[in-house]
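# Structural description and commentary
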Amino acid sequence: MEASELARVDLTLRRLCADHGLTWVVEAVDAAVAEGAADSVTEGSSSHGQRRGGRLFGYGIRPDERSRIEPEIRWRPYTDTERVLLLLDAMLAIYRDLPSLRTETVRVLTDGFQGRVAVPEQIITALDEDNEEAVILWQPDLEADTQGRQRVVGTLIALRAAVVPG
């Protein structure tokens, strides 16, 4: 996508978040963007063998700590594409991953106790005790809500595919 299209998508996503009470998502994304993206620039700093050591004739061998390559991290600003992808991924986490987490939690609560525990009417997740706006209230899913969320997830996935370069 070109820069003007990315800016339009970013603005649209931000408006949608504001309209649906998700300003805290935009604030979290903006905080991450302000920190910048971390890149490891040291060749071989993250190879598995250097971090873990090896085994020789059944004995554990640990490399000398001084010989291990230390990663060099450089911070850089996010690109326009990365910023939009970060916001899209955050929205996907809200609309796709959190409902799955809720469903799994309810399943474990009920199945884990062989049905002796009633299905909760609501689950409240407090993200920040000092901020009342950052509370997500989960109520039982209605079929229309599930279908609407699936449409949103499908749209976000399609939009993400359009944003990802070539």
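Residues numbered from 1 in each chain as written. Predicted model: local features only at pLDDT ≥ 70, side-chain atom pairs only at ≥ 80, totals over all residues. Heavy atoms only, no water.

What follows deals with the pattern of salt bridges. The tally for this structure, following the rule as stated, stands at 7 salt bridges. Among the ionic pairs, Arg-14 bridges to Asp-10, the shortest N-O distance being 2.9 Å. Note that Arg-14 and Asp-10 are positioned in helix α1 (residues 3–19) at a spacing of 4 residues, about one turn of the helix. What makes Arg-14 partly exposed here is its relative accessible area of 23%. (Salt bridge = Lys/Arg side-chain N within 4 Å of Asp/Glu carboxyl O. Helix = DSSP H or I, 4+ residues; strand = E, 2+ residues; numbered from the N terminus. Buried < 20%, exposed > 50% of the residue type's maximum accessible area, 1.4 Å probe, protein only.)

Here the focus is the environment of Leu-22. Locating Leu-22 in the fold gives a position in the loop between α1 and α2 (23–35). Residues Leu-22 and Met-91, spaced 69 residues apart in sequence, show a C-alpha to C-alpha distance of 8.9 Å. In this structure, Leu-22 is in contact with Cys-17, Ile-94 and Tyr-95, ignoring residues within four places of it in sequence. (Contact = heavy atoms within 4.5 Å.)

All right, on to the nonpolar core then. Grouped together as the largest cluster of nonpolar side chains are 19 residues, with contacts concentrated most on Leu-13, Val-84, Leu-87, Leu-88 and Leu-156. Mapped by element, the contributors of at least two residues to this core are α1, α2, α4 (80–111) and α5 (143–163). Sort the elements by how many residues they give to this core and α4 lands first, with 8 residues. Contact partners of Leu-87, with chain neighbours within four places excluded, come to Asp-10, Leu-13, Arg-14, Val-25, Val-26 and Val-29. (Core = buried A, V, L, I, M, F, W, Y, C linked by side-chain atoms within 4.5 Å.)

Across the protein chain, the average pLDDT comes to 76, with 63% of residues at or above 70. Looking over the protein chain, one finds the lowest element-wise mean pLDDT in helix α3 (residues 48–52), namely 43, and the highest in α2, namely 93. Low pLDDT, under 50, characterises residues 47–58; the stretch is placed with 14 contacts to residues that sit more than four places away or in other chains. (pLDDT = per-residue confidence, 0-100.)

Attention now moves to the packing of α1 against α2. At a minimum axis distance of 7 Å, the contact between α1 and α2 shows a crossing angle of 135°. On the basis of the axis angle, α1 is oblique to α2. Along the contact surface, α1 presents Arg-14, Cys-17 and Ala-18, while α2 presents Thr-23, Val-26 and Asp-30. Within the contact of α1 with α2, the residues separate by chemical class into 3 nonpolar, 1 polar and 2 charged. (Axes fitted to C-alpha atoms, helices over the stretch in contact; angles between N-to-C directions. Parallel < 35°, antiparallel > 145°, perpendicular 65-115°, else oblique. Nonpolar A, V, L, I, M, F, W, Y, C, P; charged D, E, K, R; others polar.)

Below, the discussion takes up the environment of Val-163. Tracing the backbone shows Val-163 in helix α5. Under the relative-accessibility criterion, Val-163 is labelled buried at 1%. C-alpha of Val-163 to C-alpha of Leu-85: the two residues are 78 residues apart in sequence and 7.3 Å apart in space. If we skip the residues at most four places from it in the chain, Val-163 touches Met-1, Leu-6, Thr-81, Val-84, Leu-85 and Leu-88.

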